[in-house]
Amino acid sequence: MFKRLKVKAEPSLVTSEVPNLSISQFIGDASLPVTLRVVNSLPENPKLRLYRTLVPVQLLADFDINPRTWLNSDKQPQVRLEAENGSNKVKISAWHGEDESETFFYLELADNAYNGIDLNFLIVSNPFADRFFTDIDEQGRATFFGTVHRNLAEEEKAMLAGLAPGQVRLGLRSSQIVFTHIEIFLIMMAQHAYFLEPLSYVSAWIFEKRGFAYIKGHQLMDSIHGEFQPGGELFRALDGSTPFRRPEAWRTVRGRAWAIQDGILEVIGKKWDGLRMIKQVGKHAGVNTIPGVEY
Amino acid sequence: MASRFQITRAAELESLPIFREFITECCRRYQIPEEIILDVKLAVDEACTNIIMHGYKGMDPGSIILSFRIEAGRILVEITDFGHCFEPVMTTIPDVEAPLEEREPGGLGLFLIYQTMDYIDYEASAAGNCLTFTKNFPKRS
């Protein structure tokens, strides 16, 4: 084992701390990472040109939205960009029809403290699918994806309809193309990687398939898989005591995810908390902590 | 194109035999001499032990990505992790001739890697920590 270990306390600065981005920076060293805060300091039009790459063309085409103008065939705006000067975040939402609150695409990226980019939110859902109010509890409070409050009746309906924890509608199965677009954008920004915290067991499984590795939580994922095997502690805790702990739930990623949402990890002294994943731009980590288990 | 193999496992001691077996299997595909396989396994073992014991110290362990590539006359091993970074610079060479009671504990891992590998490189970035080492091997006649 190595004897000398030098741990970096602070991340090294990789991007110049300038209040505004000039064209000279784009002409200069193309390998130098550019932060979102710097991009957000651009004038509106060049900012829009860059951020437009984050929205998959195919996805917009499915909803008859012009990828260049973000207008529908009635010339109505269907995509909103929020990337204010001074902010370190970019939020993009797209919706179908007139109700802006019913988004089918929502993406939020933010600079993090380690000179990287965090993927804070990604929602790609089918606006024509049934909506389940798992995001609001019976008192009308936001559930924050079921992490703060829960709407058990809606969650049960959502589970039976094939949704994963945290979803309000079925997805569009478009995560692959969305991640490709995110990477293309990050390559333009000369970023090395991006990071996220998986909301649920299903999310972690999807991100593994998309090439993410774990900064924290790989061992936890291995433990969960092991304990869901016949004879394991999580397997035994699937006792039918709640609708989310059905005995057959261990057989699918989604079934396990609902049991985890229901707090089943308590039996092994763990919580679904603190997992962090990384995607290296251009590389697939090949992680598979849930081998041979179907969605 | 160079042949490349990769395995990713949790940063825990239980993964070490899997990494060793992975190196053995990769090397045997190319009929690498046994003494070279032993050297590469030793270097991988030491590097991964260091990541497990120090790199992910205080964290719920993340991943170690081990990749293996064969190029003309050399083996190239790349070990990536996402824990605390370290700089594998040999500041002093441990005195392996000294009596046991006079030696400082530890410190041999890096020494062994430097002794057995032909080239070592380390890079820490926002995309993780990457230790690369190569081992030359004689071409079969």
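Quantities reported herein were computed from a predicted structural model and do not represent experimental measurements. The residue numbering used here restarts from 1 in each chain and proceeds along that chain's sequence as written. Think of it this way: whatever chain is written first is A, whatever ligand is written first is 1, and the rest follow in order. The predicted origin of the model limits local features to residues at a pLDDT of at least 70 and limits the giving and counting of side-chain atom pairs to 80 or more, whereas totals for whole chains, interfaces and linings rest on all residues.

Draft legend 1. Fine view of the overall build of chain A. Here a strand is any run of E in DSSP of at least two residues, a helix any run of H or I of at least four, and the numbering for each starts at the N terminus. When its secondary structure is counted, chain A shows ten helices and seven strands. When the backbone C-alpha atoms are referred to their principal axes, chain A occupies close to 65 × 65 × 35 Å. The burial criterion counts other C-beta atoms lying within 10 Å of a residue's C-beta, which is placed from the backbone; the residue is buried at 20 or more, exposed at 12 or fewer, and partly exposed between these limits. Buried residues in chain A amount to 37% of all 295 residues. Any pair of residues counts as being in contact when their C-beta atoms, constructed from backbone geometry, are within 7 Å of one another. In chain A, of all internal contacts separated by at least 6 residues, the share reaching a separation of at least 24 is 59%.

Draft legend 2. Here's a closer look at the nonpolar core. Counting residues in hydrophobic clusters, the biggest one holds 99 residues, and the most contacted among them are Ala213, Met277 and Ile278 of chain A together with Val44, Ala47 and Ile79 of chain B. If you count residues domain by domain, this core takes at least three from each of domain 1 (30–212) and domain 2 (213–278) of chain A. With near-sequence residues (within four places) excluded, Ile278 of chain A lies in contact with Ala193, Phe195, Phe212, Ala213 and Ile215 of chain A together with Phe82 and Gly128 of chain B. When buried Ala, Val, Leu, Ile, Met, Phe, Trp, Tyr and Cys residues are joined through C-beta atoms within 7 Å, the set is termed a nonpolar core. All the domain ranges listed were derived from an automatic or database domain assignment.

Draft legend 3. Up close: the domain arrangement of chain A. Residue and element names in this part refer to chain A. The domain boundaries assigned to chain A delineate domain 1 (30–212) and domain 2 (213–278). On a C-alpha basis, the centres of domain 1 and domain 2 stand 26 Å from each other. In this complex, domain 1 contributes 17 residues to the contact, which on the side of domain 2 involves 15 residues. For the side of domain 1 that touches domain 2, the elements supplying multiple residues, two or more each, are α5 (152–160), β5 (193–196) and α7 (201–209). For the side of domain 1 that touches domain 2, the leading source of residues is α7, giving five residues. Only Asp, Glu, Lys and Arg are considered charged, only Ala, Val, Leu, Ile, Met, Phe, Trp, Tyr, Cys and Pro nonpolar, and every remaining residue, Gly among them, polar. Here the residues of the side of domain 1 that touches domain 2 are counted per class, giving 13 nonpolar, two polar and two charged.

Draft legend 4. Here's a closer look at the sheet that holds strand β1 (residues 3–10) of chain B. Residue and element names in this part refer to chain B. Judged by pairing direction, the sheet is antiparallel, and its five strands sit side by side in the order β1-β2-β3-β5-β4 without closing on themselves. Each having just a single partner strand, β1 and β4 (119–125) make up the two edges of the open sheet. Ignoring which end each strand starts from, the neighbouring axes of this sheet average 15° apart. Pairing between strands requires that DSSP locate at least two bridges from one strand to the other. Of the strand pairs in this sheet, β4 and strand β5 (residues 128–136) are connected by seven bridges, and their pairing is antiparallel. By the bridge assignment for β5, Glu123 is matched with Cys130. Strand contacts of helix α2 (residues 34–55): β2 (63–71), β3 (74–81) and β5, with the helix running at about 10° to β3, the strand carrying the most contacts. Lines are fitted to the C-alpha atoms to define the axes, a helix being fitted only along its stretch in contact, and any angle between axes, read from their N-to-C directions, falls within 0 to 180 degrees.

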